[in-house]
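Coordinate analysis (summary)
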Amino acid sequence: MFFADIIGQEATRAQILHAVEHNRLSHAMIMLAPEGAGGLPMGLAFAQYLVCEDRQENDACGKCQACVKSSKYIHPDIHFSYPVIPRKSGDKPVSTDYIAEWREFIGQQPYGNAYDWLQFIGAENKQGNITAHECQDIIRKLNLKSFESQYKILLMWMPEYLGNEGNRLLKLIEEPPANTVFILVAENQEQILATILSRTQLIKINPLPKDDIVKALAQRNAVPETRARQIATIASGNYREALHLLNHSDNDYHELLRNWLNAIFMNNRAGLQEWVDHIASAKMGRENQKQFLRYFINVLEHSLRVQYMDPAQLAFSAEEIDFAEKLKKLANLGQMSLIMEELDNAFYHIERNANGKILFHALSIRLQYIFKGRPLPV
């Protein structure tokens, strides 16, 4: 993995490169990145950069033997640790038991989350863990001499899955062998052992800007810009979520929303019934219904931002800005707040298998009341 393969995150990359260049590299760090922001790709690219035999100004060379092995995730001095499950009752699994699956997974889904990984290895309802047996294996491997590189690297993905047995690693983290580097890639700071958190440098990685997701979808997945912007709007900085939306929906949410609001404002009962039949159909499905509601909530948030910010500073398409401008004329701040509350409630009930036709018909009536400034029916 190269830094060039990572979507956005130039500031974090510059911070890491500056630390290496000025010999200020911490021997133990936690890259804290929200889901889909690129924490794992950043860790993989950093590990390859460290072992590269001919580092370039901003990236690994990609040509030396160290880079060739790193890109295949087979470099002998880069060790991986991640949540695993027992293959059968009584097993004491370690990460290397799943190394073939791990290499395949990060090759296919570098922006995947822990759920994706555990399903990839057939966990189903089993709980993944980084066990005491795994910690012992880490201590053993990092106390060996390096094979080829100046560095020995442990890249641990999801240290949140370390229980109290993670305290076994404290002495190794505090007094590591020479040129040993710990790269921990996490999503939730509160779930990391406080004893480990206090002994590591924290590097925070931000959610991806909307424009970076739009660009990635267009370049990597050949998604038209209009569709890419709709997906990026819903994904809220999460590229993994953007890919999920791309693979599970062919709907134009913007057009769907426009048709719904037109039917509501024109009091077009036939058109509204046709719209409800469509969104409640089996073809749409509950996931699409939820994503549509999320899209509407994001559009409302855009309308609020347009009122207080220069549209030129916002990562919206001209069509989105135009729609947001019109929407803010139809509903004031209080009305938008009520609409968001209704959309949140509808989302909640869809997750609990509410009848789609009844739900969206009732929601349409309640939105009519809100837009007209009338008290909502109990």
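Bear in mind the structure is a predicted one, so any value in this text is a computation, not a measurement.

Counting residues in each nonpolar core, the largest one holds 101 residues, and the members touching the most others are Trp-260 and Phe-296. No other element matches helix H2 (residues 39-51), which puts 9 residues into this core. Once you skip the residues sitting within four places of it in the chain, Phe-296 turns out to touch Leu-257, Trp-260, Leu-261, Leu-327, Ile-339, Leu-343 and Leu-367. Of all hydrophobic cores here, the second largest spans 20 residues; its members include Phe-182, Leu-184, Ile-192 and Leu-193.

Now for the sheet that holds strand S2 (residues 78-81). What the 5 strands build is an open sheet, ordered S2-S3-S4-S1-S5; its pairing is parallel. Looking along the sheet, the strands with just one partner apiece sit at the ends: S2 and strand S5 (201-204). The average undirected angle you get between the axes of adjacent strands in this sheet is 20°. Relative to strand S4 (residues 180-186), strand S3 (residues 152-157) is paired through 6 bridges, and the arrangement is parallel. Each bridged residue has a counterpart across the sheet, and for Ile-153 the counterpart in S4 is Val-181. Across the face of the sheet, helix H6 (residues 132-142) comes into contact with S2, S3 and S4 while running at roughly 175° to S2.

On to the pattern of salt bridges, then. Using the criterion set out here, one finds 15 salt bridges in the structure. Ionic pairing is found between Arg-229 and Asp-211, a salt bridge with its closest N-O pair at 3.3 Å. Of this pair, Arg-229 sits in helix H10 (residues 225-235) while Asp-211 sits in helix H9 (residues 210-221); the two residues are 18 residues apart in sequence, bridging distant segments of the chain. Residue classification places Asp-211 among the partly exposed positions, given a relative accessible area of 39%.

Here we take up H2. Taking 1.5 Å per residue, 13 residues should reach 18 Å; H2 reaches 19 Å between its end C-alpha atoms and fits that length. Of all 13 residues that make up H2, 13 are buried, and the element is covered over most of its length.

Criteria and cut-off values
- Residues numbered from 1 in each chain as written.
- Predicted model: local features only at pLDDT ≥ 70, side-chain atom pairs only at ≥ 80, totals over all residues.
- Heavy atoms only, no water.
- Core = buried A, V, L, I, M, F, W, Y, C linked by side-chain atoms within 4.5 Å.
- Buried < 20%, exposed > 50% of the residue type's maximum accessible area, 1.4 Å probe, protein only.
- Helix = DSSP H or I, 4+ residues; strand = E, 2+ residues; numbered from the N terminus.
- Contact = heavy atoms within 4.5 Å.
- Pairing = 2+ DSSP bridges.
- Axes fitted to C-alpha atoms, helices over the stretch in contact; angles between N-to-C directions.
- Salt bridge = Lys/Arg side-chain N within 4 Å of Asp/Glu carboxyl O.
- Expected span 1.5 Å × (residues − 1).

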